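Architecture at a glance
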Amino acid sequence: MKKLNLAIIGQGRSGKNIHGAYYRSERNEFYNVKYVVDKDEFRRSVAQKDYPGCITLTDYKELFAFDDIDVIVNASYSEQHYAITLDCLEHGYNVLVEKPMGATEYECQRLLETAKNNNVKLAAFQQSFYAPYYLFAREVSNSGKLGDIVAVDIKFNGFSRRWDWQTLQKKVAGGLFNTGPHPVGLALGFLDFDKETRIEYSKLCVAQTSGDGDDYAKIILSAPGKPVVDVEVSSCDAYSNFNIKVQGSRGCMKMGLGSYELVYYTDEENPRKQVIETSLVDEEGEPCYCSESLIKHNEEGKFNGGPFDIGTASLYKELYAFITEDKPMTFGAEVAMQTVKVISEVHARNPLPVKFL
């Protein structure tokens, strides 16, 4: 198998510790890291140790002098994603761009059109779509085991404070732009990426952060004939014990990145009772509460890997086939655009004061 020559822009936490962890792992059968771009001299020196023989550069535009690059990975600052990706596409390079793909639906649409016009590939790095816990949640939800799915709750919550660039609106940051593409994208997946998806409610708050970007976000989504999906991204939640909870007409399931629990019952074992229009009484004729003991089944288990290992490796494997075989990715850039559309609309509905220019 021929490895593709890869150039990565940015050696921050994502470029070095997420993408880089994959490049340096045994799972990477597909890519040779040949170029690394970062303005910081120390980070470039570390990259030369991490990827022996690579060429390090200070400006991404220097990449345009090379014609042996099969894909450029854009792991720059969020506010640079759009402009750098657009430039790379216009110069005829395939691009994998970190989330968020852009700040608006318009930016994402222009990137897609530019990729098409230049006959190159565009993909977005939203590896949570490929994480075992999400794929399992979708499999169980679609299986009918839980009955008709009524509601889905997705929480990417914690209890902490931040004071870095990811707290600044001018950097296309804050919790919803930074963490939000993961839960919002997964929420759209539970709605089958329906084009008629509506934002029924949304709220943004600046609660604990030192910056002016949101660190609490609530979004409720719906689509015709689909479950209601409640998304929360919070730095104020010390008690959340799940990432996804699914409620169905015959069961319920919750899961974190590493494990799951579910409970369900069958109609065969629990025949539906006839409606009684009068008050219920017990065997002695005393009034009683309407309740029954269902025959229930409980399951639990663990996942082998999560979004940062299995999810990343699966995305990069699909990216290889996308570039070499023109095989569409399961979750392509169009999905990333739909995610950004929701996020940008929530920001438009809930403008926050800009304190850092």
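Refer to the structure presented above.
Described in the following lines is the structure provided in the data block. Remember, predicted model here, so these are calculated numbers, not experimental data.

It is possible for side chains bearing opposite charge to pair when their charged atoms get close. Counted under the stated rule, the structure contains 17 salt bridges. Among the salt bridges present, the one from Arg250 reaches Asp267, with a minimum N-O distance of 3.8 Å. Here Arg250, found in the loop between strand 11 (244-248) and strand 12 (251-255), pairs with Asp267, found in the loop between strand 13 (259-264) and strand 14 (297-302); they are 17 residues apart in sequence, far enough to count as distant. Put simply, Lys155, Lys218, Asp230 and Glu232 are held in one network by salt bridges that share partners.

In this section: the sheet that holds strand 11. Ordered in space as 8-9-10-7-11-12-13-14, the eight strands form an open sheet in which the pairing is mixed. The open sheet has two edge strands, strand 8 (198-205) and strand 14, and neither has a second partner. Across this sheet, the average inter-strand angle for adjacent strands is 10°, counted without regard to direction. With six bridges connecting them, strand 9 (residues 216-222) and strand 10 (residues 228-234) associate as antiparallel partners. The residue of strand 10 that forms the bridge with Ala217 is Val233. Across the sheet, helix 5 (residues 132-143) touches strand 7 (149-157), strand 11, strand 12 and strand 13, and the angle it forms with strand 12 is around 175°. Where helix 7 (residues 181-190) meets the sheet, its contacts fall on strand 7, strand 9, strand 10 and strand 11, and the angle it forms with strand 7 comes to roughly 170°.

Procedures and definitions
- Residues numbered from 1 in each chain as written.
- Predicted model: local features only at pLDDT ≥ 70, side-chain atom pairs only at ≥ 80, totals over all residues.
- Heavy atoms only, no water.
- Salt bridge = Lys/Arg side-chain N within 4 Å of Asp/Glu carboxyl O.
- Helix = DSSP H or I, 4+ residues; strand = E, 2+ residues; numbered from the N terminus.
- Pairing = 2+ DSSP bridges.
- Axes fitted to C-alpha atoms, helices over the stretch in contact; angles between N-to-C directions.
- Contact = heavy atoms within 4.5 Å.

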